[in-house]
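So the chains spell out like this:
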Amino acid sequence: MSLQEALEARKVRLLALRKRKEEGATDDNRAAVLLNRNFDPETRTLRKHAVNGAITEDTLEQDVEGMAEKIIAEDEQQRAEELNVFNIAPKRPNWDLKREMERKLAKLERKTQEAIHTLIRQRLSSQKGQSEDIMGAMNAQERAQKEADDEGDLDE
């Protein structure tokens, strides 16, 4: 197919398309028909289409048709679950013991920390420095460690 033949074929297609458009525009102006697929002009309400194509309308009775049975079934199920022994028992059987023990353990923890601090102070003061301030105690501990290291070096 040559370029000239393709040009002629395109012109013919465009002319045919132009004619169809002009005919369609005149037909649209003459026959403007309203299609009421979803609207019923007599009752002035919306239509609902069923699966088989029949037109139905929504009603309150249709909306609440199965609700009563559904609610009764849910209520029975909930009552059965409430009576189940496993739902009554706690998921962690010792949760109340842990709750009671936490208060007592908090007091014991504080007293334990105080006792540890007093033991450290006594041990530091019993070493050579015998000073009450922390820096003196730290220096005394370092000196004691150095002496222990020196004695360990001499033994070897």
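Residues numbered from 1 in each chain as written. Predicted model: local features only at pLDDT ≥ 70, side-chain atom pairs only at ≥ 80, totals over all residues. Heavy atoms only, no water.

## Notes on the overall build of the protein
Argument step 1. Of the regular secondary structure elements, the protein holds six helices and four strands.
Argument step 2. If you list the helices and strands of the protein from N to C, you get α-β-β-β-β-α-α-α-α-α.
Argument step 3. For the protein, the residues scored as buried account for 3% of the 156 residues in total.
Argument step 4. For the protein, the computed accessible surface area is about 15,200 Å², with 55% contributed by carbon and sulfur atoms. (Helix = DSSP H or I, 4+ residues; strand = E, 2+ residues; numbered from the N terminus. Buried < 20%, exposed > 50% of the residue type's maximum accessible area, 1.4 Å probe, protein only. Areas by Shrake-Rupley, 256 points an atom, 1.4 Å probe, with all protein chains shown as cover.)

## As for the pattern of salt bridges
Argument step 1. In the structure shown here, the tally under the stated rule is three salt bridges.
Argument step 2. As a salt-bridge pair, glutamate 100 and arginine 99 come within 3.3 Å of each other at their nearest N and O atoms.
Argument step 3. On the basis of relative accessibility, which here comes to 38%, the residue arginine 99 falls in the partly exposed class.
Argument step 4. Here arginine 103 makes a salt bridge to glutamate 100, at a shortest N to O gap of 3.8 Å. (Salt bridge = Lys/Arg side-chain N within 4 Å of Asp/Glu carboxyl O.)

## Quick notes on unusual backbone geometry
Argument step 1. Phi is positive for arginine 44, close to 60 degrees, though the residue is something other than glycine.
Argument step 2. The exposed category is assigned to arginine 44, whose relative accessible area is 61%.

## So, helix H5 (residues 95-126)
Argument step 1. With 32 residues, H5 extends 45 Å between its outermost C-alpha atoms, agreeing within 8% with the 46 Å of an ideal straight helix rising 1.5 Å per residue.
Argument step 2. Within H5, the axis deviates most sharply at glutamate 102, by approximately 30 degrees. (Expected span 1.5 Å × (residues − 1). Bend = angle between axes of the 7 residues up to and from the residue.)

## Here we look at the confidence of the model for the protein
Argument step 1. For the protein, per-residue confidence averages 77 on the pLDDT scale, and residues scoring 70 or more make up 73% of the total.
Argument step 2. Averaged over each element, pLDDT in the protein is lowest for strand S4 (residues 55-56) (58) and highest for H5 (86). (pLDDT = per-residue confidence, 0-100.)

## Topic: a nonpolar patch on the surface
Argument step 1. On the surface, a cluster of nonpolar side chains totalling about 400 Å² of accessible area is made up of Leu60, Val64, Met67 and Ile71.
Argument step 2. With respect to the helices and strands, the residue leucine 60 is situated in helix H2 (residues 60-63).
Argument step 3. A relative accessible area of 60% places leucine 60 in the exposed class. (Patch = residues over 30% accessible without salt bridge, like charges linked within 9 Å, V, L, I, M, F, W, Y side chains within 5 Å.)

## With respect to a positive patch on the surface
Argument step 1. Taken together, the side chains of Lys104, Lys107, Arg110 and Lys111 present a region of like positive charge at the surface.
Argument step 2. With respect to the helices, strands and loops of the structure, arginine 110 is situated in helix H5. (Lys, Arg positive; Asp, Glu negative; His and termini not counted. Charge placed at Lys NZ, Arg CZ, Asp CG, Glu CD.)

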